[in-house]
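Summary of structural features
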Amino acid sequence: MKLVKILTDCVQIRTNLAEFKDIRINDLMKVSDGRASLVTMVTGLTDTDGEERIGEEDFLAEITGVKSIDCTIIGSLKDGRFLKAIDTYPTTCVKIEQIGADEFERMIAGPEGSGFRIGEYASYGCGAWVDGNKFFQRHACIVGNTGSGKSETVAKILEETAKLPGANVIVFDIHGEYSSLSCASNIRIGEEFHFPVWMFGFQDIVANILKIREESATTVMTALRKAYYAVCPDGKENKPVYFSYRALIRKMEEMDSQVTETGEYYKTGDKAGMPKTVKGEYNGKLTGTVNLLRDRILDSRYGFLFHGEPQSYLYDLAEALLGGDKPVKNIDLSAVPHDVALTIIGVLTRLVFDLQRQQDMDYIRPVTIVCDEAHVYIPDNFQLTASQRRMVEVFEDIAKEGRKFGITLFPATQRPSELNRTIVAQCANMIIGKLNNDNDKQLIKGMLPDGDDQIIDSVTMFNPGEVLIVGDAVPIPLKIKVELAKERPVSRTVDFWDEWSRGCDVDVTELVDRYL
């Protein structure tokens, strides 16, 4: 005997213990009345002794025990193909069947050549394919705990994407994890690849290189602005226009020591005949700022900013980002001080977005920006400084408008609850690895159209390399075992116990030499 309770998002099945005896959590079941067919995922199993049911009207004849199967509705079937939409619900007079491997493969089969294989479905052993258009044309996001396999998954996606002759993916790689991939041209910012200070534009130089808060240093800001336009008449405050940093220092020194003639002359004494002078507007008020400007040049950590590359550098950099002979451009920021690295990310993102908007839409080459550790520089925090806010706004603009100009985002983060909400809300596809933090899971549940609580909660028990992909790029939201890329990122988890067991010694002197 079987009773069915159907709600808009779940189905409950009650049957005897013999029926569906092999059913397991996460198995799929088809519930159909001949006219409408639902695809459901098993999320709960309960066996109840028959004697406890004596007296219940629905189960008077059931003395061998009953089983309750709770299922979440994940879609429907139409002509044997899986759909996430549900047009019609069945009645309670239904036929319920477990979906086997062959039927599962038929119902998710799609046209070949429209995407890439990322791995296989854990429960059914058949290939898991991602629709390339739907994945990249709308923003995607990958989340998971440290060690959950995010970097391995990103490497697999990069490897598959790089097979396309016109692919263009820019990776902001804070830790140098993808620097050795053969499909990527590695741009290691630092002494290997200079980044001239004028690339930041006036506003970011002041806020992020000199660390001056405009709202609390009006006199200094006015002087800096005058000096900037004196040495860079064609300058734009938020655009990369070449100027000489050392000329800026000289101009500030001049303003700091400037005196102005009054028009009168000394009549007696040692200065007789000499013009009388008074201190200029900024005389003695800029000494600290001048010293700060000099200190930045002397600080070896910032040396790569002051090599004096001309305006032509901008063209070379643009070609490296949007042209080049390799489909993946890895911006390796591992050798750059953290504070400057985040600013460089903002500058490059704004540059790419502005250049994309200049392209002819009939012949556009789309680009996707992979943001590793995205929560660090695209935070959901209203206590941001003005400069931090400007950087976040660039990513928000891309999230809201980038698709029209052929530019999308692919942020990766271990703390989605700390990631900018506007960015997350615009992501049409989510790759979810193992997640334990309740705040992170609650955010995902609230953002996803298919975000059923019980499906998302299952990621807590995932192994490294297992993900749930929810969105329109995959046919069905089931656990996937991601295949390892042929070239793996430099982010493998260290086996502490095994390494300690080997008893290897470390050359500390060499480490200190590298550090210095």
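Criteria and cut-off values
Every chain begins its residue count from 1, and numbering advances along the sequence as written. Only residues with pLDDT of at least 70 get local features here, since the model is predicted, and only at 80 or more are side-chain atom pairs given and counted; chain-wide, interface and lining totals rely on the full set of residues. Water and hydrogen atoms play no part in the side-chain values, which are based on all heavy atoms of the structure. In this text, helices come from DSSP runs of H or I with a minimum length of four residues, and strands from runs of E with a minimum of two, each type numbered from the N-terminal end. For this measure, only C-alpha atoms enter the radius of gyration; the expected value for a globule follows 2.2 Å times N^0.38, where N is the number of residues. Working definition: with a 1.4 Å probe on protein chains only, accessible area under 20% of the residue-type maximum means buried, over 50% means exposed, and in between means partly exposed. One bridge is not enough; two strands pair if DSSP finds at least two bridges between them. Here an axis means a line fitted to C-alpha atoms, over the contact stretch when the element is a helix, while the angle between two N-to-C directions is reported on a 0 to 180 degree scale. Residue contacts are defined here by distance: any two heavy atoms, one from each residue, within 4.5 Å place the two residues in contact. Crossings are assigned a handedness: left-handed for a near helix turned anticlockwise from the far helix by less than a right angle, right-handed for a clockwise turn. Asp, Glu, Lys and Arg are counted as charged, while Ala, Val, Leu, Ile, Met, Phe, Trp, Tyr, Cys and Pro are counted as nonpolar; the rest, among them Gly, fall into the polar class. For patch building, the residue pool is restricted to those with more than 30% relative accessible area and no salt bridge; the joining distance is 9 Å between like charges and 5 Å between nonpolar side chains (Val, Leu, Ile, Met, Phe, Trp, Tyr). Per-residue and other accessible areas were derived by the Shrake-Rupley procedure at a 1.4 Å probe size, with only the shown protein chains allowed to occlude residues. What counts as a salt bridge is simple: a side-chain nitrogen of Lys or Arg found within 4 Å of a carboxyl oxygen of Asp or Glu. In this text, buried Ala, Val, Leu, Ile, Met, Phe, Trp, Tyr and Cys residues form a nonpolar core when linked through side-chain atoms within 4.5 Å. For this analysis, a polar contact is any N or O atom pair within 3.5 Å, provided that within protein one partner can donate a hydrogen and the other can accept it, and provided that sequence-adjacent residues contribute only side-chain to side-chain pairs. For every residue, the predictor assigns a confidence score, pLDDT, that lies between 0 and 100. Stacked, tilted and edge-to-face are the three classes assigned to paired rings of Phe, Tyr and Trp, where Trp is represented by its six-membered ring and a pair needs centres within 6.5 Å; plane angles under 30 degrees give stacked, over 60 edge-to-face, the rest tilted. Should the NZ of a Lys or the CZ of an Arg lie within 6 Å of a ring centre and within 35 degrees of the ring normal, that charge is described as sitting over the ring. It is the directions from the helix axis to the C-beta atoms that the arc portrays.

The subject of this paragraph is the overall build of the chain. What the chain contains, in helices and strands, is 16 helices and 20 strands. In terms of overall dimensions, the chain is more spread out than a globule: its C-alpha atoms have a radius of gyration of 31 Å, far above the 24 Å expected for 516 residues. Over its C-alpha atoms, taken along the principal directions, the chain stretches across nearly 125 × 50 × 50 Å. Relative to its full complement of 516 residues, the chain shows a buried share of 48%.

Here we take up the sheet that holds strand S10 (residues 140-143). Spatial strand order, S9-S8-S20-S19-S18-S10-S17-S16-S11-S15-S12: 11 strands in an open sheet with mixed pairing. Two strands close off the open sheet at either side, each with one partner strand: strand S9 (127-131) and strand S12 (184-188). Averaged over all pairs of adjacent strands, the angle between their axes in this sheet comes to 25°, without regard to strand direction. With 4 bridges connecting them, strand S11 (residues 169-173) and strand S16 (residues 367-371) associate as parallel partners. Note on S16: the bridge partner recorded for Ile-170 is Ile-369. With respect to the sheet, helix H3 (residues 150-161) is in contact with strand S8 (115-121), S10, S11, strand S15 (328-332), S16, strand S17 (407-413), strand S18 (429-432), strand S19 (466-471) and strand S20 (479-482), its orientation differing from that of S8 by roughly 140°.

On to the environment of Glu-418. Within the secondary structure, Glu-418 is located in the loop between S17 and helix H12 (421-425). Residue class for Glu-418 comes out partly exposed when judged on its relative accessible area of 36%. Spatially, the C-alpha atom of Glu-418 lies 34 Å from that of Val-220, the residues being 198 residues apart in sequence. Apart from residues lying up to four places away in sequence, Glu-418 is in contact with His-375, Ile-378, Pro-379 and Asp-380.

Now for the packing of helix H9 (residues 338-356) against helix H11 (residues 386-401). Taken N-terminus to C-terminus, the directions of H9 and H11 make an angle of 35°; their axes are 9 Å apart at the nearest point. Considering how the two elements wind past one another, H9 and H11 form a crossing that is left-handed. Taken together, the residues of H11 that come into contact with H9 (itself represented by Leu-342, Thr-343, Ile-345, Gly-346, Thr-349, Arg-350 and Phe-353) are Met-391, Val-394, Phe-395, Asp-397 and Ile-398. Here the contact of H9 with H11 is composed, by residue class, of 7 nonpolar, 3 polar and 2 charged.

We now examine the pairing of S19. Of all 6 residues that make up S19, 6 are buried, and the element is covered over most of its length. The pairing of S18 with S19 spans 4 bridges and is classified as antiparallel. Counterpart to Asn-429 in the pairing with S19 is Gly-471. Note that S19 and S20 share 3 bridges and pair antiparallel. Across the sheet, residue Leu-468 finds its bridge partner in S20, namely Lys-479.

A cluster of nonpolar residues, Val-494, Phe-496, Trp-497 and Trp-500, forms a patch on the protein surface that exposes about 570 Å² of accessible area. Tracing the backbone shows Trp-497 in helix H15 (residues 496-502).

In this section: the pattern of salt bridges. The full count for this structure, using the stated rule, is 30 salt bridges. Here Lys-30 ties to Glu-103 by a salt bridge, and the two come within 3.1 Å at their closest N and O atoms. Taken together, the positions of Lys-30 in strand S3 (residues 28-32) and Glu-103 in helix H1 (residues 101-108) put the pair 73 residues apart, joining distant regions of the chain. Of the charged contacts in the structure, one is a salt bridge between Lys-445 and Asp-457, with a shortest N-O distance of 2.9 Å. In this pair, Lys-445 is assigned in helix H13 (residues 438-447) and Asp-457 in helix H14 (residues 453-457), connecting sequence segments 12 residues apart.

Bringing the environment of Val-506 into the picture now. Within the secondary structure, Val-506 sits in the loop between H15 and helix H16 (508-515). When the C-alpha atoms of Val-506 and Ser-387 are compared, they prove to be 42 Å apart, with 119 residues separating the residues in sequence.

Here we take up the nonpolar core. Counting residues in each nonpolar core, the largest one holds 131 residues, and the members touching the most others are Leu-28, Phe-104 and Phe-195. If near-sequence neighbours (up to four positions away) are discounted, Phe-195 is found in contact with Ile-189, Phe-200, Phe-304, Leu-305, Tyr-313, Leu-317, Ile-344, Val-347 and Leu-348. Ranked by size, the runner-up nonpolar core spans 14 residues in total, among them Val-11, Met-29, Val-31 and Ile-73.

This part is about the side chain of Asp-332. Within the secondary structure, Asp-332 sits in strand S15. A polar side-chain atom of Asp-332 sits 2.7 Å from a polar atom in the side chain of Ser-334. With sequence-adjacent residues up to four places away left out, Asp-332 is seen in contact with Asp-173, Gly-176, Ser-179, Asn-186, Ile-187, Arg-188 and Ile-189.

Summarising the model, the chain shows a mean pLDDT of 87, and 93% of its residues fall at 70 or more. Counted against residues more than four places away or in other chains, residues 59-63, with its pLDDT under 50, gives 10 contacts.

Here the focus is unusual backbone geometry. Among all residues save glycine, negative phi is the norm, and among peptide bonds the norm is trans. A positive phi angle is found at Phe-20, which is not glycine, with a value near 55°. Take Phe-20: it is sitting in the loop between strand S2 (10-16) and S3.

Looking now at the packing of aromatic side chains. Given two aromatic rings, their pairing is described by the distance between the two centres and the angle made by the two planes. According to the stated counting rule, one finds 17 aromatic pairs in the structure shown. Summarising the aromatic geometry, the rings of Tyr-228 and Phe-243 are spaced 5.3 Å apart at their centres and angled 85° between planes, so their arrangement reads as edge-to-face. Pair noted here: Tyr-228 is in helix H5 (residues 218-231) and Phe-243 is in the loop between H5 and helix H6 (245-256), with a separation of 15 residues, a long-range link. Under the relative-accessibility criterion, Tyr-228 is labelled buried at 1%. Overall, the relative accessible area of 4% leaves Phe-243 in the buried class. Members of the aromatic cluster, connected to one another through ring pairs, are Phe-193, Phe-195, Trp-198, Phe-200, Tyr-242 and Tyr-313. Above the ring of Tyr-302, the side-chain terminus of Arg-296 is found at 5.0 Å from the ring centroid.

Counting along an α-helix, one turn takes 3.6 residues, and residues three or four places apart therefore face a common direction. Listed in full, the buried residues belonging to helix H8 (residues 312-322) are Tyr-313, Leu-314, Leu-317, Ala-318, Leu-321 and Leu-322. Projected down its long axis, H8 shows its buried positions confined to an angular sector of 145°, all on one face. Along H8, the residues that are exposed and aim more than 90 degrees away from the buried face are Tyr-315 and Asp-316. For H8, the elements touching its buried residues are S11, S15 and H9. Just past H8, the residue Gly-324 takes up positive phi, approximately 75°.

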